[in-house]
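# Structural description and commentary
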Amino acid sequence: MTADVLARLVAPGRFAKRVSLQYRPFSAAEATRVLEAEVNAAQFRVVYKRRTGRDETARDSYDQARARQAAAEEAAGAGVCLVSLYVTVTVASDAELSRAVAETEAAAESSKIRLRRMTYSQAAGWAATLPCGVCPAELARRLPH
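Residues numbered from 1 in each chain as written. Predicted model: local features only at pLDDT ≥ 70, side-chain atom pairs only at ≥ 80, totals over all residues. Heavy atoms only, no water.

## Let's talk about the overall build of the protein
From N to C terminus, the protein includes six helices and two strands. When its helices and strands are written in sequence order, the protein yields α-β-α-α-β-α-α-α. Over its C-alpha trace the protein gives a radius of gyration of 19 Å, far above what one expects of a compact globule, namely 15 Å for 145 residues. Counting only C-alpha atoms and orienting by the principal axes, one finds that the protein spans roughly 55 × 35 × 35 Å. Relative to its full complement of 145 residues, the protein shows a buried share of 18%. Long-range pairs, those at least 24 residues apart, make up 72% of the contacts in the protein with a sequence separation of at least 6. (Helix = DSSP H or I, 4+ residues; strand = E, 2+ residues; numbered from the N terminus. Rg over C-alpha atoms; globule rule 2.2 N^0.38 Å. Buried < 20%, exposed > 50% of the residue type's maximum accessible area, 1.4 Å probe, protein only. Contact = heavy atoms within 4.5 Å.)

## Digging into the confidence of the model for the protein
Averaged over the protein, the pLDDT score is 86; the fraction of residues at 70 or greater is 98%. The secondary-structure element of the protein with the lowest mean pLDDT is helix α6 (residues 136-142), recorded at 76, while helix α4 (residues 94-110) shows the highest, at 92. (pLDDT = per-residue confidence, 0-100.)

## What to know about helix α2 (residues 28-51)
Taking 1.5 Å as the rise per residue, α2 with 24 residues should run 34 Å; its terminal C-alpha atoms sit 35 Å apart, in good agreement. Among the residues making up α2, those that are buried are Ala 31, Leu 35, Ala 42, Val 46 and Lys 49. Directly beyond the C-terminal end of α2, a positive phi value near 80° is found at Gly 53. (Expected span 1.5 Å × (residues − 1).)

## So, the pattern of salt bridges
Per the stated rule, a full pass over the model turns up five salt bridges. Close ionic contact of Glu 103 with Arg 14 constitutes a salt bridge, the shortest N to O distance being 2.6 Å. Highlighted residues: Glu 103 in helix α4 and Arg 14 in the loop between α1 (7-10) and β1 (16-25), separated in sequence by 89 residues. Between Asp 60 and Lys 49 there is a salt bridge, with its nearest N and O atoms 2.8 Å apart. With Asp 60 in helix α3 (residues 58-75) and Lys 49 in helix α2, this pair connects stretches of sequence that are 11 residues apart. Assessed through its relative accessible area of 12%, Asp 60 is described here as buried. (Salt bridge = Lys/Arg side-chain N within 4 Å of Asp/Glu carboxyl O.)

## Description of the side chain of Gln 64
Among the structural elements, Gln 64 can be located in helix α3. Residue Gln 64 is classed as buried on the basis of its relative accessible area, which comes to 13%. When near neighbours in sequence (up to four residues on either side) are disregarded, Gln 64 contacts Ala 42, Gln 43, Val 46 and Glu 56.

## Notes on the side chain of Gln 22
Its location among the elements puts Gln 22 in strand β1. At 3.1 Å, the side chain of Gln 22 and the backbone oxygen of Ala 128 are in polar contact. When near neighbours in sequence (up to four residues on either side) are disregarded, Gln 22 contacts Leu 82, Val 83, Ser 84, Tyr 86, Ala 128, Val 134, Cys 135 and Pro 136. (Polar contact = N/O pair within 3.5 Å; in protein donor to acceptor, adjacent residues only side chain to side chain.)

Given below as structure tokens:
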């Protein structure tokens, strides 16, 4: 991944937007479990494809190599974290909304990021992009459901 992978998404555009990148580090034990699960899942896919007579795709090969590399880096002392990216776009009228959504999703796709709309959670998404330390995952953990 190159340093400018998010350039198109965070660049100024026709509509006002906020982009917030949040990360939560895993504990050492949790990081080991997560990476072992990734390595096991990648290996399972290889074995499954072999047993069903399907060819391994380039994506499968890359995923397996990436999982093994991440596990090796973690074993050597690297940290592992969960990364979340929040993007909010502000429009002046409902008529501009579909164009703003299309432009934002196109910018995210160029970074190979798939965005999910926060339907009925727009206020939480907007608050997550404010520079005030709001972490939705932490709030969900602390507040009763």
